[in-house]
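Spelled out, the chains give:
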Amino acid sequence: MPAATTPRPDVTLALTRGIARMMQDMGLAVLAEFKLPNGRRADLAGLCPKGMLTIVEIKSCREDLAVDTKWPEYKDYCDRFFFGVSEVFPFEMIPEEEGLIVADAFGGAILREAAEDKLAGARRKAVTLRFARQAASAAAAF
């Protein structure tokens, strides 16, 4: 099946669901559309029991990645950064130094581990507090 060239919300939704499931299976607390201090929104953010923060940027097609110039700004707010794509995405487009997750609506697998770039203590505290506050706000919205 050829890779689509136009961003597709149905693919993004399926990938978000599958990658979130995978992250939860790995023991991470997961938030979608995590608001970063720089005003950007990460597609998925995960916090492990030891406090390590992971961000996943989901790409539905080659065009979605080609026009995105903001993703490097997410890396200042996590310990690990991944791209999440479908099995038909052209993997060679993903920068080799970044992590790679391949998924569908039901789960995912890490094809390439992300390099660990540990956050400084003050930044970790600020981002973790933001994560907790956003999670609490989402839980309280009824």
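Keep in mind that this is a model prediction, so the values were computed, not measured. (Residues numbered from 1 in each chain as written. Predicted model: local features only at pLDDT ≥ 70, side-chain atom pairs only at ≥ 80, totals over all residues. Heavy atoms only, no water.)

**What about helix α1 (residues 9–25)?**
Worth spelling out the cut-off: Secondary structure is summarised from DSSP: a helix means a run of H or I of at least four residues, a strand means a run of E of at least two, and numbering begins at the N terminus for each. The length a helix should cover is 1.5 Å for every residue beyond the first. In this description, contact between two residues means that some pair of their heavy atoms is separated by no more than 4.5 Å.
In a regular helix each residue adds 1.5 Å, so 17 residues correspond to 24 Å; α1 covers 24 Å between its end C-alpha atoms and thus fits that length. Tucked into the core, α1 has its buried residues touching β1 (29–35), β2 (41–47), β3 (53–58), β4 (80–85), β5 (99–104) and β6 (107–112). Just downstream of α1, G27 is the residue with a positive phi angle, here 95°.

**Describing the nonpolar core**
Here is the rule we go by: Residues belong to a common nonpolar core when they are buried Ala, Val, Leu, Ile, Met, Phe, Trp, Tyr or Cys residues joined through side-chain atoms within 4.5 Å. Relative accessibility under 20% of the residue-type maximum defines a buried residue, over 50% an exposed one, and the middle range a partly exposed one, all with a 1.4 Å probe and only protein chains included.
One finds F34, L36, L53, I55, F81, I94 and F131 to be the most contacted residues of the largest nonpolar core, which totals 23 residues. Listing elements by their share of this core, those giving two or more residues are β1, β2, β3, β4, β5 and α3 (121–140). With residues near it in sequence (within four places) discarded, L53 still touches G46, L47, Y77, C78, D79, R80, L119, R124, V127, T128 and F131. Counting 15 residues, the second-largest nonpolar core is a separate cluster that includes V11, L15, A20 and I58.

**Brief notes about the environment of L28**
In this structure, L28 sits in the loop between α1 and β1. Residues L28 and G51 lie 23 residues apart in sequence; the distance between their C-alpha atoms is 9.5 Å. Apart from the residues lying within four places of it in its own chain, the contact partners of L28 are M23, G46, L47, C48 and T54.

**Overview of the packing of aromatic side chains**
Note the following rule: Stacked, edge-to-face and tilted labels apply to pairs of Phe, Tyr and Trp rings (six-membered ring for Trp) whose centres lie within 6.5 Å, assigned for plane angles under 30 degrees, over 60, and everything in between, in that order.
Evaluation of the coordinates by the stated rule reveals 4 aromatic pairs. Taking the centre distance of 4.9 Å and the plane angle of 75° together, the rings of W71 and F83 count as edge-to-face. Highlighted residues: W71 in the loop between α2 (62–66) and β4 and F83 in strand β4, separated in sequence by 12 residues. We note that W71, like F83, is buried.

**Remarks on the pairing of β1**
Applied cut-off: DSSP-based pairing: two strands are paired if at least 2 bridges between them are found.
Here β1 pairs with β2 via 6 bridges, running antiparallel. Residue V30 lies in a different strand from β2, and its bridge partner there is G46. The hairpin turn running from β1 into β2, its antiparallel successor, is 5 residues long, and G39 in that turn takes a positive phi close to 90°.

**Here we look at the pattern of salt bridges**
Rule in force here: The term salt bridge refers to a side-chain nitrogen of Lys or Arg lying within 4 Å of a carboxyl oxygen of Asp or Glu.
Evaluated as defined, the whole model comprises 9 salt bridges. Here E57 ties to K59 by a salt bridge, and the two come within 2.9 Å at their closest N and O atoms. Residue K59 is classed as buried on the basis of its relative accessible area of 2%. In this structure, K59 and D64 form a salt bridge, with 3.5 Å as the shortest nitrogen-oxygen distance. D64 carries the same exposure label as K59, and that label is buried.

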